[in-house]
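One letter stands for each residue in the lines below.
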Amino acid sequence: MLDHLGDFKRDFFAGELTENNIGDEVRLLGWAESVRDHGGVIFINLRDREGVVQVVFDPSKSPKEEVEKAKKVRLEYVIGVFGRVERRPAGTENPKIPTGNIEVIGQKLLILNTCDILPFPIEDDISVNEEVRLKYRYLDIRRNKMFKNLLLRHEVYQKTREYLAGHGFLEVETPMLTKSTPEGARDFLVPSRLEKGKFYALPQSPQLFKQILMVGGIERYFQIVKCFRDEDLRKDRQPEFTQIDFEMSFVDEEDVMAISEGLIHYLWKEILGIELKLPFPRMTYKEAIEKYGTDKPDLRYGLELIDVSDIAKEVEFKVFKGAVESGGIVKGINIKGGAKLSRKEIDLLTEDAIRFGAKGMAWIKLEKEKATSPILKFFTDEQKEKLFNKMNAEDGDLLIFIADTYETTHRVLGFLRKIIAEKLNLIPKGQWKFTWVVDFPLVEWDEEENRLVALHHPFTSPKEEDLDRLDEAIADKNVALNFKSRAYDLVLNGEEIGGGSIRIHRPDIQKKIFEMLNISEEEAEEKFGFLIQALKYGAPPHGGLAFGLDRIVALMTDSDSIREVIAFPKTQKGNCPLTGAPDFVAQEQLDELGIEVEIPVNEEEG
RNA sequence: GGAGCCGUAGUUCAGCCUGGCCCAGAACGCUGGCCUGUCACGCCAGAGGUCGCGGGUUCGAAUCCCGUCGGCUCCGCCA
C-alpha cells in the first residue's frame, strides 16, 4: 500500500546535507538508489537531484513499524524520509560519497511509488545498448552523467542569454511553420489543413528571418532555436538540432567574430572555469585545405600535408608523373614513428583511401636504415634524398602519398590524417584548439546540377572589392570561382561549431548573385521574393553567425556524440525509441489534410 | 544510395570461426530465506531465454548460406 505525499515537504536535498546539519530533523524526498538489509539494520541510499545520503532504519533508534516498512523498499522506489541527521559511528564513514560522514536515522518512511525491474542499472559508467537507453530515457537521465550533461547545457543557455543580452542583443522568436526554400538541405514538410495541397516547411535555420529582423531595425538579434534538416544522421548530426543564432547591423567580419569569441570565452570561463586566449587564430580556407585536407582542421596534432608534386613529376612512376602532368598533384603525410605499422595495417589504410575516393595509396616505410616500399624503385638516389628532405623523413617514419586531382588528394589525405591520428593515439586530451577559417570561395561548381552553387548560402556577401565585377562573373564562371566570400567558420578540435557571414543587403547585388547561381528571376521572385522585397526598403548592412549548441555542449562535456547532450535524441534512422515516432496516423487525419499515402510494398518473394 | 561492425535471460557478455557432449552458460539484477553497521554487504535456495525475424543447407543450426529488420560508425548527403 503506497503512501500519499500529503503535506510532506522536502527540507533539504540529500546532497546538501553536511556535518553542520547534525542534530537537525529533516525531511527528504527521492529515490532508493541502493538498499542493504542486514536483518536488523536497514540502510537505504536516498538519491535526489543534488546527491545521495545514507538513511538508516535501526530497531534501536527507529520505530519498529518503520523498520518493517523499510524492508519492503526496492531499487528506485520513490520514498520520503523524516529523520535525524547524525554523525556516523566511528569507523563507518564512507569517503566515497560527499555525505559519507553523516547519516539520517529514519523516524518515518513514506513509500510514494514502486519501480519495476530496471532495464539497466542507474550508474555512471554503464555499457548499455543505446536503443535501450533511449527507450527508457527517463531512467537514463536519472544517471548522474546524463544529468550533469543536461545541467551544463542549461548553463550554456543561461550564460548565452546573459552574455548576448548584456551586449544589446534582443531575443526574438521566428516561426517554426515557414516556407520551403530550395538550396541547402532537404526540408521537413508540414501539410496545411486550411489550404489542402500546400505545405509549410520547418526552418533549416532562421536565416532569412534574422536578416529581415535587421531590416526591421532590431539592430542586434539572437535566439536559441531549433533547426530542422532532413538529411542522414551522424554522431554530430540530428534531424532537429539547436543553434545559438545571432545577427547584427552595421558591422563587418571583425565585429561578428569579436562577439562570437567573447561569447565562447564567457561560456568556457563561467562554466568550465577555463580562460581561453583571445583572439582565436585564423587561417584561410586555402591554407586549411592545403595543410590539413579539410575546412575544419583539427589542430591538436601534426600530420600536415606536404606537397611533393615537384619531385613526383620527375619520377618514372606513372601514377605520380601522370597525376601532375594531367593537372593534379601529389601530396604526402609523414607519419612519425609510423614504420611500426604492419603491412596489413598499411593495406587497411589503402582501403580507406580508396573508400574515400583515391585510386590507391603509395607508401614508404623507413626502418632500420633501410626503406621498404613498392614505389621506391622508381626513384633515383637524388630524388629519394630530395623527397626525404622535403618530408623531414627519418628512421622509423612511414610516408604515405596520394596522387590525384587537387580536390581528391586533399580530401582523401584529410580523412586519412584523422584516421591515423585516432589509430596511433596522437590526439591529446583536454586541449581546446580553436581556429577561425576565413576567405572561403563564394561559390563552387556542382557537377550534378551543372551550375555554380553557394558554398555558404546564397545570401553571403562577396568581398567588397569584387562587387563591381559581378557582371563579369555572371558571364564567366571562372571569374566567379575566384571570388572570396565574407564568410567565416569557427572550428574547435576538428569540429565546425559555428559559421556565419556578412550578408548581402542590397537588392541589386542579391539579384546578381541569384543570376550567377543560375536561379532565374521568376524562381528567385517566387522563392525569395519576400527577402528581395525587404532589402528594397532600407536594409542596413548586416551579418551574423550561428553556433551549433549541441556540438558545443558535447565538446564541453567530452561526449562522443551530441546524443549524449540532447534529452530526447533520434536514432540513425530518425526514430524515437521512447515514443515510437515517426508513426502512421489515422486515415481521418490524412483525409482532413487531403493526403493520400502510398506505402511501398516489397517486391514478391522469390 | 553504399560500406563496415553488432543483435543470445531484465542488463552486460561467453558460446558461433572448426554444426552434435548446448531442450544454451556466467556475472549483475530479480524472487524467497538467513543475517544489527553495511555502502560492489555477505551466505543459502530459486525463477528467468521466440539465440532479432524469415527462408535455406543438413540426419542435426545460436553456430553455415541467403534475405530482411533494428542499433552504431563511416562515405555520399548535410547551402
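Provided above is the structure to which this section pertains.
Keep in mind the model is a prediction, meaning the values are calculated, not measured. (Residues numbered from 1 in each chain as written. Chains lettered and ligands numbered in written order. Predicted model: local features only at pLDDT ≥ 70, side-chain atom pairs only at ≥ 80, totals over all residues. Heavy atoms only, no water.)

**Looking at the layout of surface pockets**
Unoccupied space between atoms shows up once a probe the size of one water molecule is rolled over them.
Then comes step 1: Volume-wise, the second largest pocket comes out at about 920 Å³.
Then comes step 2: Taken together, the elements giving at least two residues each to the lining of the second largest pocket come down to strand E7 (189–191) and helix H18 (587–593).
Then comes step 3: In terms of residue class, the lining of the second largest pocket is built from 18 nonpolar, three polar and eight charged. (1 Å grid on protein atoms, 1.4 Å probe; cavity = no way out; pocket = protein on both sides within 12 Å on 5 of 7 lines; lining within 4 Å. Points joined across faces, edges and corners; volume = space filled by probe spheres on them. Helix = DSSP H or I, 4+ residues; strand = E, 2+ residues; numbered from the N terminus. Nonpolar A, V, L, I, M, F, W, Y, C, P; charged D, E, K, R; others polar.)

**Notes on helix H11 (residues 381–390)**
Because each turn of an α-helix spans 3.6 residues, side chains separated by three or four positions end up pointing in the same direction.
Then comes step 1: Buried residues of H11: Gln-383, Leu-387 and Phe-388, and no others. End-on view of H11: buried residues confined to an arc of 130°, all on one side of the axis. Opposite its buried face, H11 presents the exposed residues Asp-381, Glu-382, Glu-385 and Asn-389, each directed more than 90 degrees away.
Then comes step 2: Next to the buried residues of H11 lie helix H8 (309–312), strand E14 (362–367) and strand E16 (398–404).
Then comes step 3: At the C-terminal side of H11, Asn-392 shows a positive phi close to 55°. (Buried < 20%, exposed > 50% of the residue type's maximum accessible area, 1.4 Å probe, protein only. Arc of directions from axis to C-beta. Contact = heavy atoms within 4.5 Å.)

**Describing a nonpolar patch on the surface**
Then comes step 1: A cluster of nonpolar side chains, contributed by Tyr-138, Phe-568 and Leu-578, occupies part of the molecular surface with about 300 Å² of accessible area.
Then comes step 2: Position of Leu-578 relative to the elements: it lies in the loop between helix H17 (549–556) and H18.
Then comes step 3: We classify Leu-578 as partly exposed; its relative accessible area is 31%. (Patch = residues over 30% accessible without salt bridge, like charges linked within 9 Å, V, L, I, M, F, W, Y side chains within 5 Å. Areas by Shrake-Rupley, 256 points an atom, 1.4 Å probe, with all protein chains shown as cover. Salt bridge = Lys/Arg side-chain N within 4 Å of Asp/Glu carboxyl O.)

**Digging into the state of the cysteines**
Joining two cysteines, a disulfide is a covalent bond between their sulfur atoms.
Then comes step 1: Applying the stated criterion across every chain, the model contains zero disulfides.
Then comes step 2: Sulfur of Cys-227: no disulfide; nearest cysteine sulfur belongs to Cys-576 and is 20 Å away. (Disulfide = S-S within 2.5 Å.)

**Considerations on the protein's contact with RNA strand B**
Then comes step 1: Lining the immediate surroundings of RNA strand B are 51 residues, of which Arg-36, Asp-37, Thr-92, Glu-103 and His-456 lie closest.
Then comes step 2: Glu-231 has a polar side-chain atom sitting 2.6 Å from a sugar or linking oxygen of RNA strand B.
Then comes step 3: Arg-563 places a polar side-chain atom, nitrogen or oxygen, 2.8 Å from a phosphate oxygen of RNA strand B.
Then comes step 4: Of all the secondary-structure elements, those providing two or more residues to the surface near RNA strand B are strand E1 (25–37), helix H2 (130–135) and helix H12 (406–423).
Then comes step 5: By residue class, the composition of the surface near RNA strand B is 14 nonpolar, 16 polar and 21 charged. (Near = heavy atom within 4 Å. Polar contact = N/O pair within 3.5 Å; in protein donor to acceptor, adjacent residues only side chain to side chain.)

**Quick word on the pattern of salt bridges**
Then comes step 1: One pass over the structure, following the stated rule, counts 51 salt bridges.
Then comes step 2: The shortest N-O distance in the salt bridge between Arg-133 and Glu-564 comes to 3.0 Å. Note that Arg-133 is positioned in helix H2 and Glu-564 in the loop between H17 and H18, a separation of 431 residues in sequence. Each member of the pair, Arg-133 as well as Glu-564, carries the same accessibility label: buried.
Then comes step 3: Residues joined in a network through salt bridges with shared partners are Arg-133, Arg-137, Asp-140, Arg-143 and Glu-564.

**Looking at the sheet that holds strand E13 (residues 329–335)**
Then comes step 1: If you trace the five strands from one edge of the open sheet to the other, you get E12-E13-E16-E14-E15, paired in antiparallel fashion. Looking at the sheet topology across the chains shown, the edges are occupied by strand E12 (305–307) and strand E15 (370–372). On average, each strand axis in the sheet is inclined to that of its neighbour by 25°, with strand direction left out of account.
Then comes step 2: Of the strand pairs in this sheet, E14 and E15 are connected by three bridges, and their pairing is antiparallel. From the neighbouring strand, Lys-365 faces E15, where its bridge partner is Thr-372.
Then comes step 3: Across the face of the sheet, helix H10 (residues 343–355) comes into contact with E14 and E16 while running at roughly 155° to E14.
Then comes step 4: Sheet strands in contact with H11 are E12, E14 and E16, and its direction is about 85° off that of E14. (Pairing = 2+ DSSP bridges. Axes fitted to C-alpha atoms, helices over the stretch in contact; angles between N-to-C directions.)

**Digging into the packing of helix H4 (residues 144–166) against helix H6 (residues 253–272)**
Then comes step 1: Here H4 crosses H6 at 135°, and the two axes come no closer than 10 Å. Comparing their axes, H6 and H4 come out oblique. In this structure, H4 crosses over H6, and the sense of that crossing is right-handed. In this structure, H4 uses Leu-152, Glu-155, Val-156, Lys-159, Thr-160, Glu-162, Tyr-163 and Leu-164 to contact H6, whose residues at the interface are Ile-259, Gly-262, Leu-263, Tyr-266, Leu-267, Glu-270, Ile-271 and Leu-272.
Then comes step 2: Here the contact of H4 with H6 is built from residues that sort into 10 nonpolar, two polar and four charged. (Parallel < 35°, antiparallel > 145°, perpendicular 65-115°, else oblique. Left-handed = near helix turned anticlockwise from the far one by under 90°.)

**Looking at the pairing of strand E21 (residues 495–502)**
Then comes step 1: Within E21, six of the eight residues are buried, leaving the element largely enclosed by the surrounding structure.
Then comes step 2: For strand E20 (residues 487–492) and E21, the ladder comprises six bridges, and the chain directions are antiparallel. Bridge pairing in E21 places Val-491 opposite Glu-496.
Then comes step 3: Turn length for the E20-E21 hairpin, with the two strands adjacent in sequence and antiparallel, is two residues, and the turn residue Asn-493 shows positive phi of about 50°.
Then comes step 4: As judged from the five bridges shared by E21 and strand E22 (residues 542–548), these two strands associate in the antiparallel manner. Counted as the bridge partner of Ile-502 is Gly-543 from E22.

**Some words on the packing of aromatic side chains**
Then comes step 1: Counting across every chain of the model gives 16 aromatic pairs.
Then comes step 2: Between the aromatic rings of Trp-436 and Tyr-488, the centroid separation amounts to 6.2 Å while the plane-to-plane angle is 85°, which identifies the pairing as edge-to-face. Highlighted residues: Trp-436 in strand E17 (residues 434–438) and Tyr-488 in strand E20, separated in sequence by 52 residues. As far as burial versus exposure is concerned, Trp-436 and Tyr-488 are alike and both buried.
Then comes step 3: In this structure an aromatic cluster arises from ring pairing among Phe-317, Phe-320, Phe-378, Phe-379 and Phe-401.
Then comes step 4: Between Arg-355 and the ring centre of Phe-356, over which it is positioned, the NZ or CZ distance is 5.3 Å. (Phe/Tyr/Trp six-rings, centres within 6.5 Å; stacked < 30°, edge-to-face > 60°. Lys NZ or Arg CZ within 6 Å of the ring centre and 35° of its normal.)

**Here's the deal with a negative patch on the surface**
Then comes step 1: There is a patch of like negative charges on the surface, built from Glu-515, Glu-521, Glu-522 and Glu-525.
Then comes step 2: Looking at which element gives the most residues to the negative patch, the answer is helix H16 (residues 521–535), with three residues.
Then comes step 3: Its location among the elements puts Glu-515 in helix H15 (residues 507–516).
Then comes step 4: The exposure class assigned to Glu-515 is partly exposed, which follows from its relative accessible area of 47%. (Lys, Arg positive; Asp, Glu negative; His and termini not counted. Charge placed at Lys NZ, Arg CZ, Asp CG, Glu CD.)

**Considerations on the sheet that holds strand E10 (residues 240–249)**
Then comes step 1: In spatial order, the strands read E6-E9-E10-E22-E21-E20-E17-E11; together these eight strands make up an open sheet with mixed pairing. Both outer strands of the open sheet, strand E6 (170–171) and strand E11 (282–284), are each paired with one neighbouring strand and no more.
Then comes step 2: In this sheet, E17 lies alongside E11 in parallel orientation, the contact comprising three bridges. What sits directly across from Arg-282, in E17, is Trp-436.
Then comes step 3: Strands in contact with H4 are E6, strand E9 (220–228) and E10; relative to E9, the strand with the most contacts, it is inclined by about 150°.

**A short note on the pairing of E16**
Then comes step 1: Of all the seven residues making up E16, seven are buried; the element is thus mostly covered by neighbouring parts of the structure.
Then comes step 2: Residues Leu-398, Ile-400, Ile-402 and Asp-404 line one face of E16 and the alternating positions Leu-399, Phe-401 and Ala-403 line the opposite face, and both faces are buried.
Then comes step 3: With four bridges connecting them, E14 and E16 associate as antiparallel partners. Bridged to Ile-364 within E16 is Leu-399.

No statement about biological role is implied by the geometric values presented.
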